[in-house]
Amino acid sequence: MWRHRHLLGIEELDVHDIDVVLDRAEHWFERSRKTVKKDALLQGRTVVNLFFEASTRTRTSFELASHRLSADVVNVNPSISSVTKGETLLDTAKNLEAMRADLFVLRHASSGAAAFLAKRLTDVAIVNAGDGAHEHPTQALLDAFTIRRRKGRIEGLVVAICGDIAHSRVARSNALLLGKKGAEVRLCALKTMMPRHAEALGPTARVVPRLEQAVDGADVVMMLRVQTERFGGAMMSTPREYARTFGLNAGMLTRAKADAIVMHPGPINRGVELDTRIADSDCSVILDQVEAGVAVRMAVLELLLTNRPQR
Ligand code: NCD
């Protein structure tokens with residue numbers, strides 16, 4: 001039923017794999033709404049969170065997911081670890097593996113970092129929690145979970161992904177997953193924030209130049225943060241100018257379907273890519289995405305750790 005040792009990207013998953021994660025996440029979603037949330041399933045297993053980039057939602061939800069499944073979880077903070085003394089990623093990882101950890105959750109600025117470790121470590125499962133601008137598979141899975149719960153399906157929906165596509169691993173993983181599941185994906189960004197060959201990001205991805213066109217008749221509007229930290233220079237416009245042309249506000253949202261939902265992976269830059277009233281309105285599912293994140297990560301930990309021998 002589940003044949004993967006690691007979760008490195010949506011690229012390697014087929015529709016069946018995606019459905020297995022989403023179905024299992026339903027179970028953990030319901031469980032997480034109960035007073036007693038803890039299950040003994042992963043008792044005795046050890047999860048290490050290894051985050052080389054900032055994170056609030058992803059790291060915390062992996063930690064909560066581990067606790068809810070009774071695994072032991074350790075957070076390694078690279079800024080106060082021997083990484084600051086020049087230790088390589090591989091040496092750091094090998095040392096943690098020697099402590100007989102079972103699974104690493106890795107976030108790193110370099111595309112391919114998770115695959116790099118997966119190739120070189122023999123005893124540890126790797127979950128990619130974001131590698132550069134490459135992939136962020138659990139984010140796409142929790143987004144799909146949220147869409148499926150709200151809309152009852154993914155197939156045939158029109159999903160607009162708007163914002164800093166060029167730097168966004170979230171956009172890439174979502175374009176792949178939603179395309180595989182049969183949604184129509186529209187990608188919309190300022191020229192400086194749109195990668196070359198953007199249509200190759202997903203099997204149904206289509207580039208649309210203006211926000212109006214992207215939002216027009218959409219079932220789902222997913223807004224992305226401008227990742228100023230990855231630009232290495234000044235952005236093309238001021239935040240106010242950006243909000244005027246590429247920000248989602250109430251007027252723009254009237255172009256979408258009447259029952260459209262608005263998504264954002266967080267962190268939101270309120271008043272830049274997203275009007276603050278929209279972020280807090282009934283059509284926003286941003287906090288539903290966060291809730292789904294714990295359940296989806298429980299499902300991923302379960303699938304990766306119960307399908308491998310105990311060390
Ligand atoms: C995103 C990320 O780090 O890729 N955040 C997240 O995981 N929810 C997006 C971002 O930083 O803008």
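Here is a short report on the structure shown in this document. (Residues numbered from 1 in each chain as written. Predicted model: local features only at pLDDT ≥ 70, side-chain atom pairs only at ≥ 80, totals over all residues. Heavy atoms only, no water.)

**Quick look at helix α8 (residues 239-246)**
We apply this condition: Remark: exposure states derive from per-residue accessible area (1.4 Å probe, protein chains only) relative to the maximum for the residue type, with buried under 20%, exposed over 50%, and partly exposed in between. Secondary structure counts use DSSP, requiring at least four H or I residues in a row for a helix and at least two E residues in a row for a strand, with both numbered from the N terminus. This arc is built from the directions going out from the helix axis to the C-beta atoms. Contacts are assigned to residue pairs that have any heavy atoms within 4.5 Å of one another.
Along α8, the positions that sit buried rather than exposed are Tyr242, Ala243 and Phe246. Projected onto a plane normal to the axis of α8, the buried residues spread over an arc of 105 degrees and lie on a single side. Along α8, the residues that are exposed and aim more than 90 degrees away from the buried face are Arg240 and Arg244. Of the surrounding secondary structure, the elements contacted by the buried residues of α8 are β6 (184-188), α7 (211-215) and β8 (220-223).

**Some words on unusual backbone geometry**
Residue proline 267 is bonded to the preceding glycine 266 through a cis peptide linkage, with omega at -5 degrees. Tracing the backbone through its elements, the reader meets proline 267 in the loop between β9 (261-263) and α10 (276-279). Positive phi outside glycine occurs at histidine 197, with the angle close to 55 degrees. By relative accessible area, which is 66% here, histidine 197 ends up exposed.

**Focus on the packing of aromatic side chains**
This is how it is decided: The aromatic pairing rule takes the rings of Phe, Tyr and Trp, using the six-membered ring of Trp, and pairs them if the centres are within 6.5 Å, calling planes under 30 degrees apart stacked, those over 60 edge-to-face and the rest tilted.
Taken as a whole and judged by the stated rule, the model has two aromatic pairs. Centre to centre, the rings of phenylalanine 29 and phenylalanine 145 are 5.3 Å apart; their planes meet at 45 degrees, and the pair counts as tilted. Remark: phenylalanine 145 occurs in helix α5 (residues 137-151) and phenylalanine 29 occurs in helix α1 (residues 15-32); sequence separation between them is 116 residues. Measuring from centroid to centroid gives 6.0 Å for tyrosine 242 and phenylalanine 246, while their planes differ by 25 degrees, and the two rings are stacked. Of this pair, tyrosine 242 and phenylalanine 246 are both found in helix α8, four residues apart, which corresponds to roughly one turn of the helix. Here phenylalanine 246 falls in the buried class, since its relative accessible area comes to 9%.

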